[in-house]
Amino acid sequence: MTRLFNDPAAFADEALEGFAAAHRRWVRPVTGGVVRAAATPAGQVAVVIGGGSGHYPAFSGLVGRGLAHGAAVGNVFASPSAQQIRSVARAAHGGAGVLLMYGNYAGDVLHFGQAAERLAADGVEARTYAVADDISSAAPDESAERRGIAGDLPVFKAAAAAAEQGRSLDEVLRVAERAGARTRSFGIAFSGCTLPGSDHPLFTVPEARMAVGLGIHGEPGIGEEALPTADDAARLLVETLLKELPEDVAAPDGQRAAVVLNGLGSVKYEELFVVYRKVAELLGEAGVEIVDPEVGELVTSFDMAGVSLTLTWLDEGLEALWRAPADTPAYRKGALGTPEPEDDERAPAEDARDTAVPPASDASREAAGTVLAALDAVAGIVEAHVEELGRIDAVAGDGDHGIGMRRGSTAARSAAAEARERGAGAGTVLHRAADAWADRAGGTSGALWGTILRSLGTALGDRDAPAAPRVAEGVTEASAAVRRLGGAEVGDKTMVDVLVPFADALTAATAEGVPLTEAWDRAADAATDAAAATARLLPRKGRARPHAEKSLGTPDAGAHSLALITRAVHGALLNHH
Ligand SMILES: Nc1ncnc2c1ncn2[C@@H]1O[C@H](COP(=O)(O)OP(=O)(O)O)[C@@H](O)[C@H]1O
Ligand SMILES: O=C(COP(=O)(O)O)[C@@H](O)CO
C-alpha cells in the first residue's frame, strides 16, 4: 500500500522533486528528469537511462560518476516522453554522443526511439539500447520480446563504465550489447503492489502460494506454486537461470558472473540475505565464481513482495567494467578520484517550443472550434472512465492506462485551447494537442495518441474547411501510422483492432456521401463492436503479452478507450452542428 501521497497524478513529479532536493551532491534536476551535478566531461559519451517512476533506485538513483550521466523519469509505470528524454539527453551531452538505455517495454521503445531521431535532428548523435533480461517474459527464440528487469543495473553499468573510459559511442553501444546478451534474470513474487491513490493491489497471490516469473510493474507471474522455503526459492532461481545460458557460454563450470539478488520493495534485506546464502552455495557448487555480488533493492515495484536473481556472465572486459568504481545516490562502489566541481552554470534544458501559430483561413479556424469541442469530450470521457480503464489494464498489464490517458487527454485539451485562443486553424490545434498528449502522458498510449492526433492534424491542415472525406483520410492515415510505429496488426489485441474498422467504416460512409456526423456515428458503432470483440483475442503485443491467457474474456484497455472516445467525439460533433 502506498500511503503517503498528495494528488496521485502528481506523485511521480513530487517524488522526483524531493529526490533531487535530497541528492544535490550527485544530481541536478532538468526538464524531464535529472543529470549529474557535474557536467559530462567534454568528449565523453553520455549514457542516459530512463523509464517509468515506481522503480527506485531505477532510474534516477543510478545517476552519478561511473554510472549514468542522466535519467529521464516518466510517470508511474509509464515511459518518459520523447520530449523529456531529448531534454535530459541534451543536458547530459558532452559532445561525443549519447547512448539511450532503458528496459524493453513498448512505451520506452517508442519514446526513446523518437527521442533519438529528434536528437539527431538537433545535431546530437544518439543510439538506443533496450535491456531484455527477463527470461520468463518470452521464450528463448523470442528473446528480443523479453522485458527488462533488474538486469538493467549490470547492463547500464557496463556501458557507463565504458563511456567513462573515453570509448566512442559505437564502442559503448557494443559493450551494452555484449553485457545485455550475457545477462539473464528470473523472479518470484508473493504479493503485488498498490499504486498511489489505489486501494487494492494490482494482483494478489493466494496465501501460502508464490507467483513464478514476476514483472517489475506488479504484473502477476506466469505460473503459481506452493510457497517455498528460502533455500527452495534460491534453488528455483539458480536452477532456472543455469538452464538458460547465453549462446557463447557452454557450461557454468569455470565461469565468472556478476550476481544481483534484487528485492522488489517489501522483501526485507535479512530475507534477501537468507536467500543469497543458498544462491552463493549453489552457484559455487556449479563451479561459478561470483564477482562483486549485489544484494538489495535495485529495481523495485513500490511495495511488491518479490525477489529476482540476475546473472551477468562475465568475460575479462565485462568484469573490469562491473568492478569499476561508481558513485551515485543509490549505488556506490570502489573509490573515485576527486569529485568534479558541480556545474551550476549550465542553462536548464528547457524545451524550445515554438508558440507562434501559423496563419489559418477563417474556415479552418471555425473548424478548430469543433476540434476543441471534440478534445474536450475526449478528456471528459476519459475522466469518467479512469478507474475502469485502470482495472481492465491491470488484468494483464500494469494498471496505468486510465492514469496515462487522463494525463494525455487533459494536456491535449489545454494545448488545443491555447492554440485556438491564438487563432490557430484545425490542423495546428491538432498538432499542438498531439505534442502535448505524447509529452505529458509518456507510455505506449501517449506515443500512439500523439501519432493519431498528428496524422489528423496533417490531413486537416489550416486552410480548407475539413470535408468529411478528408477527415476519413486523416483517420486512415492515423491507423497506418500507429501500425507503422507500434508494429501491431489486426488480431494482436491492441487499439489497432478498433482503429482499422473505425477508419474503414468512416471511409465507406463518407465515400457514399453520408455527412460527417452520421458517418462518424456508424464508424463509432463499428469501433464499439470491435472493442468488445477484443475480449476473445489473445494479446500478441505490449505489456499484456506474457499474460495472454489471463486477458481472455477482458477487452484490450487501449481498444476500449479508443471506442469510448469515438463515441464521445460523435456527441461533440452532434452538439456542434
Ligand atoms: N505495439 C502496439 N501497437 C498498438 N497499440 C499498442 C501496442 N502496444 C500496446 N498498445 C496499446 O496500448 C495500450 C496500453 O497503453 P498504456 O497503458 O499506455 O500502456 P503501457 O502502460 O504498456 O505503456 C494497450 O491496451 C494497447 O491497446
Ligand atoms: O512501464 C514502464 C515503461 O513501459 P510502458 O510501455 O510505457 O508502460 C516503465 O515503468 C519501465 O520503463
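Rules used throughout
- Residues numbered from 1 in each chain as written.
- Chains lettered and ligands numbered in written order.
- Predicted model: local features only at pLDDT ≥ 70, side-chain atom pairs only at ≥ 80, totals over all residues.
- Heavy atoms only, no water.
- Buried < 20%, exposed > 50% of the residue type's maximum accessible area, 1.4 Å probe, protein only.
- Helix = DSSP H or I, 4+ residues; strand = E, 2+ residues; numbered from the N terminus.
- Arc of directions from axis to C-beta.
- Polar contact = N/O pair within 3.5 Å; in protein donor to acceptor, adjacent residues only side chain to side chain.
- Pairing = 2+ DSSP bridges.
- Axes fitted to C-alpha atoms, helices over the stretch in contact; angles between N-to-C directions.
- Contact = heavy atoms within 4.5 Å.

Every buried residue belonging to helix α8 (residues 316–323) is among Leu318, Glu319, Leu321 and Trp322, and all of these are buried. Down the axis of α8, the buried set is contained in an arc of 165 degrees. They therefore lie on one face. With a side-chain oxygen positioned 3.2 Å from the backbone nitrogen of Gly317, the residue opening α8 is Asp315.

All right, on to the sheet that holds strand β11 (residues 289–296) then. Taken in spatial order, the six strands line up as β9-β8-β7-β12-β10-β11 in an open sheet, and their pairing is mixed. With partners counted over all chains shown, the strands left at the sheet margins are β9 (223–226) and β11, one partner each. In this sheet, adjacent strand axes meet at a mean angle of 20 degrees when their direction is disregarded. Bridge count for strand β7 (residues 183–191) against strand β8 (residues 209–212) is two bridges, and the pairing is antiparallel.

For the rest of this paragraph, the subject is the sheet that holds strand β6 (residues 126–131). Spatial ordering of the open sheet is given by β1-β2-β4-β3-β5-β6, a layout of six strands whose pairing is mixed. For this open sheet the edge positions go to β1 (27–30) and β6, each flanked by a neighbour on one side alone. With direction set aside, neighbouring strand axes in the sheet form an average angle of 25 degrees. Of the pairings in the sheet, the one linking strand β5 (residues 98–103) to β6 comprises six bridges and is parallel in character. Residue Leu100 lies in a different strand from β6, and its bridge partner there is Thr128. Helix-sheet contacts for helix α4 (residues 152–164) involve β2 (33–36), β3 (46–53), β5 and β6, and the interaxial angle to β5 is about 170 degrees.

Honestly, it's all geometry; don't read function into it.
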